[in-house]
Amino acid sequence: MAVLLWPWLARAATVGDLRCEHLVDPQGIDTVNPRLGWVVDSDVRGDAQTAYQVLVASSPHVLDRGTGDLWDSGKVDSPESIQVSYQGQPLGSMRTCYWKVCIWDQRGNASAWSRPAQWSTGILEQGDWKAKWIGLDPAAPADGSRRLAARWLRKEFAADKKISRATVCYSGLGWSELYLNGERIGNEVLSPALSDYSKRVFYVTHDVSSALVQGKNAIGVVLGNGRFFAPRLDKPKTVTYGAPKLLLQLHLEYEDGSVEDVTSDTTWKLSADGPIVANNEYDGEEYDARREFADWSSPGFHDASWQRAHAVEAPGGVMSAPMIDPIRVTAAIKPVSVAEPSPGMFVYDMGQNFAGWCLLRVKGPPGQRVSLRFAERLRDDGTLYVDNLRSAKVTDLYTLKGGDRETHEPRFTLHGFRYVEVTGYPGKPGMDAIEGRVVNDDLERAGEFACSNPLINQIYRNVVWGVRSNYRSIPTDCPQRDERQGWLGDRSAESRGEAYLFRNNALYAKWVQDMADAQRADGAVPDVCPAYWPFYNDGVTWPSSIAIIPGALMDQDADRYLLARAYPAIAKWLNHQIGLLKDDIAMRDTYGDWCEPPESPELIHSKDPARKTAGPLLSTTYLYHCLELGARYAKILGNAEDEKLFAAEADRIKQAFNARFYRKDLGQYDNGSATSYILPLAFDMVPEGERQRVMGRLVEKIMKENNGHGSHGLVGGQWVNRVLTRYGHGDVAYAMATQTTYPSLGYMAARGATTVWELWNGDTADPSMNSGNHVMLVGDLITWLYEDVAGIAPDADQPGFRHVLMRPTPVGDLKSVRAAYRSFYGLISSEWKLDGEAFTLDVTVPANATATVYVPAAGEAAVTESAGPASQADGVRFLRLEGAAAVYEIGSGSYHFRSTTGR
Ligand code: BGC
């Protein structure tokens, strides 16, 4: 048996014959009912938990004694092993809770206790914040510069007794780093998480007991602009909040039982004359090493020339713990080559497009200025192609202090790049002069996928890098140009596939909260969230993320709590949209099926009306789907009234939609664009009896008219592969997935892309919108690869992969597929091989979960499991023949099926 503390996943240890996991123990969470989870890990077929007991204690010793002074659940007869809500003593701020669990199996045997795990609370009540916001106003320098100098803040204090425990909670906006007694605290970067600061402000918590001493101590904080001071005047105008500011509370517990708080206030000292002369996420950071303050965050630093910090206004938002893994430097990348396209200009190729920055190593005279500029592509002459970065200046400057070799990394900027131009370098830089730093939300990998087709493997790799580059406490559209916004439409259904790549549930739950925060009083949800670009257009497709994503998280992780929390905002948005209907048709739409492949190479958007899907068709189908989801959520939450209302609205919309758009004489929707078929099919809106015909038109469109290529944009693309496969046309999805000609993801890969482009024709389109690192065109490819091709899908009726739907689908010329996914219950894997008519399938189902397995077979008799007849195998139950598959029910364990497909 294993233990994990939701939502962080863990490592293994062995307890008797049951193995045990527990997590990176989260610090500073701000929920009073954290959810606990553990992995029941066993090799026995059909193993499952029948009961559990959780102990939560206020100290490790108490827990060790087997006492749960905060919560002793007693033996609870329940199979639940994930999302188990803490039901103990009410918790106060800044408390550490230690816990462990034991379980009982079906034979009534109890496991040993798990290894202890822990969590700590942050500041639970707004009133528990005693600190004051401090900084330096006014914000804007007279020249209107966007690159403000960093603010350095410090405070010394004496702890005259022995400290038993010290906890710091702080928020340095836009971004900050904390130091205690000369040491950096934590390794998160670009912290805290992004938010609309007028609604919500994230703070970070650290246990700093070992960083403090009895006697003199010093605190140092450096503040960068981030998105807080973001006066971009380019269109569209970005919301900006003011000058960087700090709120910090350090809670000291002494060995004698007394406590003391050191808080930010106007006794702190501040300087804006440090080495970070200018910083801006988009434009870069300017660092002058000659201006460094030696030992500024240690006691005894001479700060007489520093000014007193000003008391400044609070940003306005609710103080919250982010409850997501922070952004960190997650990898280092060495350049693969360097060229000198003009004298003194060195251009490095990092071999991979990614988000981050570079570490610089340099030795030279004081005052020498080295410049680093970043781009995704090169021009033919070997210099940087920066036309697609629009107003982002992407330049980091480093001025040497002289002497020994200097190494430097910027703190408060981010670039999306593959190529780095170095100028001003003293002499000729070697290959080790720079090193890439990959920067993104530090999420665990959730799954693995590989198959016999190298192109699909390459595309998969490109998608992983694309997703990774766009995780920064929100999912962004791109990391390189002057945009980097959380566009809702790009991720509504696409995010479901990302969940197989990274354990992103907490990140998306946070983003849903951002959406609820951004919702207007009338129910409108913006297109971008946080609404740094405040677009409230009242279309349906982009805001639909607020309704779609919680359902995906429910399927994936059984996250009923998120659903309950988000439901009021979802219902409000649905009602708002119902109010905008005209004759049961949703008329408003802003972006169409964004980025359908255009007819000529330089275009961003098609000008041909025959290629475009009508706005009301997109909005109406999406609203129908969201109302159906709304009815499902209302049912889960026991809200019968809403369930009825949303179902009835959906029904009315479906009638009106078919009356308006379906041309029965032709079997065609509206103008017959691909997406006009995809959406009604995907959402089950096509009248019974017409479905095969409509699907036939879609297949004809893809295979005949477009020679095996898609002609959808980002909206249709989020459903197309799955709906084709559902109707038995997985081969058509495979044809699209394996193209290397325009338009296709393979076309990008064949042209050397290491990520995914924004546009199908990203190599030839107008540079005003051709990012090389966008994930919106990925659509449902990853969902399809895992759920359909490999056959690892959740069952909405027993969510969180408690029951797995394993329906592997051999498609095209694929000979083998290997996929694994780490659900909250544990590892699920599916590996199949096809050799002529011989099919083998190896599956693993974690303990406490079950699966329905579809084995492609000519008949039941054609299937064996571990060399014997499948229907008689231990733990295998034959259910039925369905289509060309024999269907079995299995419990946990590993199984080896063989069959003859008869094809
Ligand atoms: C963004 C897309 C977004 C679109 C909608 C583009 O600039 O990069 O991600 O969905 O705008 O207008």
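This write-up is about the structure you can find in this document. (Residues numbered from 1 in each chain as written. Predicted model: local features only at pLDDT ≥ 70, side-chain atom pairs only at ≥ 80, totals over all residues. Heavy atoms only, no water.)

Regarding the overall build of the protein
And then number 1: Scanning the protein from N- to C-terminus turns up 14 helices and 49 strands.
And then number 2: For a compact globule of 903 residues, the expected C-alpha radius of gyration is about 29 Å, and the protein comes in at 28 Å, within 12% of that figure.
And then number 3: With respect to the three principal axes, the spread of C-alpha positions in the protein is 85 × 70 × 55 Å.
And then number 4: The burial tally for the protein puts 64% of its 903 residues in the buried class.
And then number 5: Contacts in the protein between residues far apart in sequence, at least 24 positions, make up 75% of those at least 6 positions apart.
And then number 6: Charge centroids of the protein, computed over 94 positive and 113 negative side chains, lie 2 Å from each other. (Helix = DSSP H or I, 4+ residues; strand = E, 2+ residues; numbered from the N terminus. Rg over C-alpha atoms; globule rule 2.2 N^0.38 Å. Buried < 20%, exposed > 50% of the residue type's maximum accessible area, 1.4 Å probe, protein only. Contact = heavy atoms within 4.5 Å. Lys, Arg positive; Asp, Glu negative; His and termini not counted. Charge placed at Lys NZ, Arg CZ, Asp CG, Glu CD.)

A few points about the site of the ligand
And then number 1: Near the ligand the following residues occur: Asp-477, Arg-481, Glu-483, Trp-487, Asp-490, Trp-542, Tyr-591, Trp-594, Glu-758, His-774 and Met-776.
And then number 2: At 2.8 Å from an oxygen atom of the ligand is found a side-chain nitrogen or oxygen belonging to His-774.
And then number 3: Out of a free accessible area of 310 Å², the ligand has 95% covered by protein chains.
And then number 4: Of the residues in the shell around the ligand, the class split is five nonpolar, one polar and five charged. (Near = heavy atom within 4 Å. Polar contact = N/O pair within 3.5 Å; in protein donor to acceptor, adjacent residues only side chain to side chain. Areas by Shrake-Rupley, 256 points an atom, 1.4 Å probe, with all protein chains shown as cover. Nonpolar A, V, L, I, M, F, W, Y, C, P; charged D, E, K, R; others polar.)

Focus on empty space enclosed by the protein
And then number 1: In the structure shown here, the tally under the stated rule is 10 cavities of 30 Å³ or more.
And then number 2: Here the largest cavity is characterised by a volume of approximately 220 Å³.
And then number 3: Around the largest cavity, the lining is made up of 21 residues, and of these His-712, Asn-721, Met-736, Leu-745 and Trp-760 lie nearest the centre.
And then number 4: Elements supplying a minimum of two residues to the lining of the largest cavity: α11 (720-726), α12 (730-737) and α13 (745-750).
And then number 5: Considered class by class, the residues forming the lining of the largest cavity number 11 nonpolar, nine polar and one charged.
And then number 6: Space inside the second largest cavity adds up to approximately 80 Å³.
And then number 7: Around the second largest cavity, the lining residues are Glu-285, Tyr-287, Cys-358, Leu-360, Leu-372, Asp-396, Leu-397, Tyr-398, His-408 and Pro-410. (1 Å grid on protein atoms, 1.4 Å probe; cavity = no way out; pocket = protein on both sides within 12 Å on 5 of 7 lines; lining within 4 Å. Points joined across faces, edges and corners; volume = space filled by probe spheres on them.)

A short note on the side chain of Arg-468
And then number 1: Mapped onto the fold, Arg-468 is located in helix α2 (residues 454-469).
And then number 2: There is no salt bridge for the buried Arg-468, and the closest opposite charge comes from Asp-442, which lies 7.2 Å off by N-O distance.
And then number 3: Only 3.2 Å separates the side chain of Arg-468 from the side chain of Asn-440, close enough to count as a polar contact.
And then number 4: Arg-468 has contacts with Thr-330, Ala-331, Val-438, Asn-440 and Phe-502, leaving out every residue within four places of it along the chain. (Salt bridge = Lys/Arg side-chain N within 4 Å of Asp/Glu carboxyl O.)

Let's talk about the packing of helix α10 (residues 691-705) against α12
And then number 1: Viewed as axis vectors pointing N to C, α10 and α12 meet at an angle of 35°, and their least axial separation amounts to 11 Å. For the pair α10 and α12, the sense of crossing is left-handed. Note on element contacts: α12 touches α10 through Val-732, Ala-735 and Met-736, opposite Val-699, Ile-702 and Met-703.
And then number 2: Broken down by class, the residue content of the contact of α10 with α12 amounts to six nonpolar, no polar and no charged. (Axes fitted to C-alpha atoms, helices over the stretch in contact; angles between N-to-C directions. Left-handed = near helix turned anticlockwise from the far one by under 90°.)

Structural notes on unusual backbone geometry
And then number 1: For the peptide bond that leads from Leu-173 to Gly-174, omega is -15°, which places it in the cis range.
And then number 2: One non-glycine residue, Asn-181, adopts positive backbone phi at about 50°.
And then number 3: Even without being glycine, Ser-866 reaches a positive phi, approximately 45°.
And then number 4: Structurally, the position occupied by Ser-866 is in the loop between β45 (863-865) and β46 (868-869).

Considering the pairing of strand β4 (residues 49-57)
And then number 1: Where burial is concerned, most of β4 is hidden: eight out of the nine residues are buried.
And then number 2: Bridging between β4 and strand β8 (residues 96-105) involves eight bridges; their strand directions are antiparallel. Considered in β8, the bridge of Gln-49 is made with Asp-105.
And then number 3: Pairing analysis gives two bridges linking β4 to strand β6 (residues 76-77), with the strands arranged antiparallel. If you follow Ala-51 over to β6, its bridge partner there is Asp-77.
And then number 4: Examined bridge by bridge, β4 and strand β5 (residues 71-72) share two bridges and lie antiparallel to one another. Residue pairing in the sheet places Leu-55 in a bridge with Asp-72 of β5. (Pairing = 2+ DSSP bridges.)

Let's talk about the nonpolar core
Among soluble globular proteins, nonpolar side chains are generally buried collectively.
And then number 1: Within the largest apolar cluster, 213 residues are counted, with the highest numbers of intra-cluster contacts made by Val-420, Phe-449, Leu-724 and Phe-897.
And then number 2: Here this core gets 11 residues from one element, more than from any other, and that element is helix α7 (residues 615-636).
And then number 3: Once you skip the residues sitting within four places of it in the chain, Phe-449 turns out to touch Ile-456, Tyr-460, Leu-785, Tyr-786, Ala-790, Val-817, Arg-818 and Ala-819.
And then number 4: Core analysis: the next-biggest nonpolar cluster, separate from the first, contains 28 residues, Ile-163, Leu-250, Val-262 and Ala-272 among them. (Core = buried A, V, L, I, M, F, W, Y, C linked by side-chain atoms within 4.5 Å.)

Some remarks on the packing of aromatic side chains
And then number 1: Applying the stated criterion to the full structure yields 44 aromatic pairs.
And then number 2: Seen from their ring centres, Phe-354 and Phe-417 are 4.5 Å apart, and the 50° between their planes marks the pair as tilted. One end of the pair, Phe-354, is in strand β28 (residues 345-362); the other, Phe-417, is in strand β34 (residues 415-423), with 63 residues separating them in the sequence. Note on accessibility: Phe-354 and Phe-417 belong to one class, buried. (Phe/Tyr/Trp six-rings, centres within 6.5 Å; stacked < 30°, edge-to-face > 60°.)

A look at helix α8 (residues 640-661)
Helical geometry note: an α-helix holds 3.6 residues per turn, so side chains three or four residues apart project in the same direction.
And then number 1: Counted at 1.5 Å a residue, the expected span for α8 with its 22 residues is 32 Å, and the 31 Å between its end C-alpha atoms agrees.
And then number 2: Every buried residue of α8 is accounted for by Asp-642, Phe-646, Glu-649, Ala-650, Ile-653, Ala-656, Phe-657, Asn-658 and Phe-661.
And then number 3: Those residues of α8 that are buried lie in contact with α6 (560-580), α7, β37 (662-663), β38 (668-669) and α9 (674-682). (Expected span 1.5 Å × (residues − 1).)

Here we look at the sheet that holds strand β40 (residues 803-806)
And then number 1: Read from one edge to the other, the open sheet built from five strands follows the order β39-β40-β44-β48-β47, with strand pairing classed as mixed. The open sheet has two edge strands with one neighbour each: β39 (793-794) and β47 (876-882).
And then number 2: Both β39 and β40 contribute to a ladder of two bridges, which runs antiparallel. Looking across to β40, one finds that Ala-793 is bridged to Leu-805.

Distances and angles like these do not, on their own, reveal function.
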